[in-house]
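# Fold and contact review
So you can see what is in the structure, the chains are spelled out below.
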Amino acid sequence: MNYPQELLPQTDYKLIDCNVENCFLLRLVDDAIQEEMINPETGYIRVNLICSPRERIYDLSVILLGVYTQNHIPIELTREGKTKFGGYCEPNSTISDPPVYNDHFVLNKNKRFWVSKISSISNIEVPYSRDNSNHTVRCYVKHTPTKWNFWHYSLRWESSEGNLDDMDEKKRGKVLQRMANEARVMLSRMANVEYPQIEALPASCYQKKSPVAA
Amino acid sequence: MPEYFQKEIDISAHGQHLKQLLFKMLMAKIATDNCANTYYSTILPFTSHTTVGLNTPIDNSNTLLIKMENAWKKQYEERREEFQLNDYELTEKMRLSTDILLQCSPDKMSLEVTTDKSIFYTTIKNDITIYVEHYIEVRDFVDDLDELIVTVFRGNERVFNYGGNFWDTVNKLQPVLQDYSIAIPQFA
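All values reported here derive from a predicted model rather than from experimental measurement. (Residues numbered from 1 in each chain as written. Chains lettered and ligands numbered in written order. Predicted model: local features only at pLDDT ≥ 70, side-chain atom pairs only at ≥ 80, totals over all residues. Heavy atoms only, no water.)

### A short note on the packing of helix 5 (residues 87–102) of chain B against helix 6 (residues 166–179) of chain B
Residue and element names in this part refer to chain B. Packing of helix 5 against helix 6 brings their axes to within 12 Å, and their N-to-C directions diverge by 5°. Taken together, the axes of helix 5 and helix 6 are roughly parallel relative to one another. Where helix 5 approaches helix 6, its residues Leu96, Ser97 and Ile100 are matched on the opposing element by Phe166, Trp167 and Val170. Here the contact of helix 5 with helix 6 is composed, by residue class, of five nonpolar, one polar and no charged. (Axes fitted to C-alpha atoms, helices over the stretch in contact; angles between N-to-C directions. Helix = DSSP H or I, 4+ residues; strand = E, 2+ residues; numbered from the N terminus. Parallel < 35°, antiparallel > 145°, perpendicular 65-115°, else oblique. Contact = heavy atoms within 4.5 Å. Nonpolar A, V, L, I, M, F, W, Y, C, P; charged D, E, K, R; others polar.)

Okay, structure coming up:
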């Protein structure tokens, strides 16, 4: 089986530069977690399925739906595939030797996911109080192509308290707690486990020059 | 009425701190009893004098309490090594936050142990959803070092968001819930 070419970066690709607010992001769920996706008690997605234990909730890997569709969901990188193709890359990188079936990727038809409309989660500022002072935390999405998937995005959080790297360890820990908590609250409310109706993304959004109409 | 309930009524005018201390003693006593089926039959005479006209009658709280304990046992087992407190101390901390939320007489409630050494609760009563994340201070068995982050939604509107010291946050949450006719009896 050949790796789908449409997922790979191309020499004429650029970072997606059009408004994707009405598009959907998809998050693949770690197979190691066997729980039901939806908590039957509350009707909301389980917070432990929003991200895997190995990842930090305030910087989540997600995939933009459009060219990547439900047909691609079963694609799963092997350990070797993650090493070779898991890293970030330029949008116009040349992947001369694409992932090879069984060596770098397999198909897992039981792969689970959740989706969320970007406008439901992105650029929403959430006020919070911590020890009697007021701040905000904001969720934003960033196009971060990887060697295996040009449509890879990152779902990230930032605080009005400043750059995390500039904070002392204690304050950083507290701010990260707030981000993680807000991610759990927001995504458990907004995430859906049903595959949505999606529209094709115009090529002009990601190609440096749109193909000339015949 | 058991002696430890009588004490609460006698000193009820002596301030919030005493209430909190007594509440901790009460929780410790209940934990010692360690019997969910007798829990609300014991606590009802105590709570009823402070909750008139607020919460709906306690009906499924016993069921929810058992569900929370079972959810905790199952999930905690899977993450035991991530925590550094002993089983008893951790379970006591879980019971404390669980019990505060159960006093709201929720319609629905869930508990999840997260990968950040916290307990994430979703509590639903009528159109109010209360998200509480209890960050457990693993170095010491002192509740005051634990942190709570609370978010309250009414429908889809966020009406409260606060994070801080465990008891300070509970004190700030109580009047917010009271606006929606939900009481945490020990703090009412």
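On we go.
### Notes on the state of the cysteines
All names here are of chain A. With the rule as written, the count across this model stands at one disulfide over all chains. Here Cys18 engages in a disulfide with Cys205; their sulfurs sit 1.9 Å apart. Taking the torsion about the sulfur-sulfur bond, which here is approximately 115°, the covalent link between Cys18 and Cys205 counts as right-handed. With Cys18 in the segment before strand 1 (24–28) and Cys205 in the segment after helix 3 (169–190), this residue pair connects regions lying 187 residues apart in the sequence. When its relative accessible area of 26% is taken as the criterion, Cys18 is described as partly exposed. The buried category is assigned to Cys205, whose relative accessible area is 4%. (Disulfide = S-S within 2.5 Å. Buried < 20%, exposed > 50% of the residue type's maximum accessible area, 1.4 Å probe, protein only.)

### Comments concerning the pattern of salt bridges
This model, assessed by the stated rule, comprises 15 salt bridges over all chains. With its nearest N and O atoms 2.9 Å apart, the salt bridge here joins B:Glu147 to A:Lys174. Taken together, the positions of B:Glu147 in strand 4 (residues 147–154) and A:Lys174 in helix 3 put the pair across two chains. Here B:Asp127 makes a salt bridge to B:Arg154, at a shortest N to O gap of 3.3 Å. Of the two residues, B:Asp127 sits in the loop between strand 2 (118–125) and strand 3 (128–135) while B:Arg154 sits in strand 4, which places them 27 residues apart along the sequence. (Salt bridge = Lys/Arg side-chain N within 4 Å of Asp/Glu carboxyl O.)

Any functional reading would require information beyond the geometric quantities listed.
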